[in-house]
Amino acid sequence: MANFENRRRPIIVVAAIIRENGKILICKRKNREWEFPGGKLEYGETPEQALVREILEELGCGIGVLGIFGVSSVIARNGSNFVLIFYLCKITAGRPKASEHERIEWVAPNELKKHNFAEADLDAVAKLAQKPD
């Protein structure tokens, strides 16, 4: 019974919508869909701290968190409930490198829908495609 109860607790995930020169950074892990970079909150972190840490770990660059872009919630195939907090961000140090990802790309907002995104990111993709600036 404890396993079932733990599965029902939401997992908080933060994701960065990094904009530069009118384009947005997207990432692709091997054998997975495209996604916005980010990751799970660790115990004691604020969402902003987690996002700064995750981007440094995943892409090797520093970011400034500008504000919340949106929040969504999905139930994964395994039954886990993920709550995603999307933040608008800008690069403040270094350049993104694909160390944990197979590929990274800068794309225009109207090109986002051409990529196969993870289900958890689809709300943000739709919102960005409607509001290109």
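Computed from a predicted model, the values in this text were never measured in an experiment.

We now examine the overall build of the protein chain. Looking only at helices and strands, the protein chain features three helices and seven strands. Secondary structure elements in the protein chain, listed N-terminal to C-terminal, are α-β-β-β-β-α-β-β-β-α. Here the protein chain has a C-alpha radius of gyration of 15 Å; the compact-globule value for 133 residues is 14 Å, and the two agree. Each principal axis of the C-alpha distribution contributes one length, and for the protein chain these read about 50 × 30 × 30 Å. In the protein chain, which comprises 133 residues, the share counted as buried stands at 42%. If you take every contact in the protein chain between residues at least 6 apart in sequence, the share linking residues at least 24 apart comes to 63%. As displayed, the protein chain has an accessible area near 7800 Å², and 50% of this comes from carbon and sulfur atoms. One way to put it: in the protein chain the 20 positive side-chain charges average out to a point 3 Å from where the 18 negative ones average out.

Attention now moves to the nonpolar core. Grouped together as the largest cluster of nonpolar side chains are 18 residues, with contacts concentrated most on Ile 17, Ile 26, Phe 36, Phe 86, Leu 112, Phe 117 and Leu 128. Residue assignment for this core shows that the elements contributing at least two residues are strand E1 (11-20), strand E2 (23-28), strand E5 (62-75), strand E6 (81-93) and helix H3 (122-130). Residues contacting Ile 17, with those up to four places away along its chain left out, are Ile 24, Phe 36, Phe 69, Phe 86, Tyr 87, Leu 88, Cys 89, Ala 124 and Leu 128. With 15 residues, the next largest nonpolar core counts Ile 18, Leu 25, Leu 59 and Ile 85 among its residues.

Parameters and conventions
- Residues numbered from 1 in each chain as written.
- Predicted model: local features only at pLDDT ≥ 70, side-chain atom pairs only at ≥ 80, totals over all residues.
- Heavy atoms only, no water.
- Helix = DSSP H or I, 4+ residues; strand = E, 2+ residues; numbered from the N terminus.
- Rg over C-alpha atoms; globule rule 2.2 N^0.38 Å.
- Buried < 20%, exposed > 50% of the residue type's maximum accessible area, 1.4 Å probe, protein only.
- Contact = heavy atoms within 4.5 Å.
- Areas by Shrake-Rupley, 256 points an atom, 1.4 Å probe, with all protein chains shown as cover.
- Lys, Arg positive; Asp, Glu negative; His and termini not counted.
- Charge placed at Lys NZ, Arg CZ, Asp CG, Glu CD.
- Core = buried A, V, L, I, M, F, W, Y, C linked by side-chain atoms within 4.5 Å.

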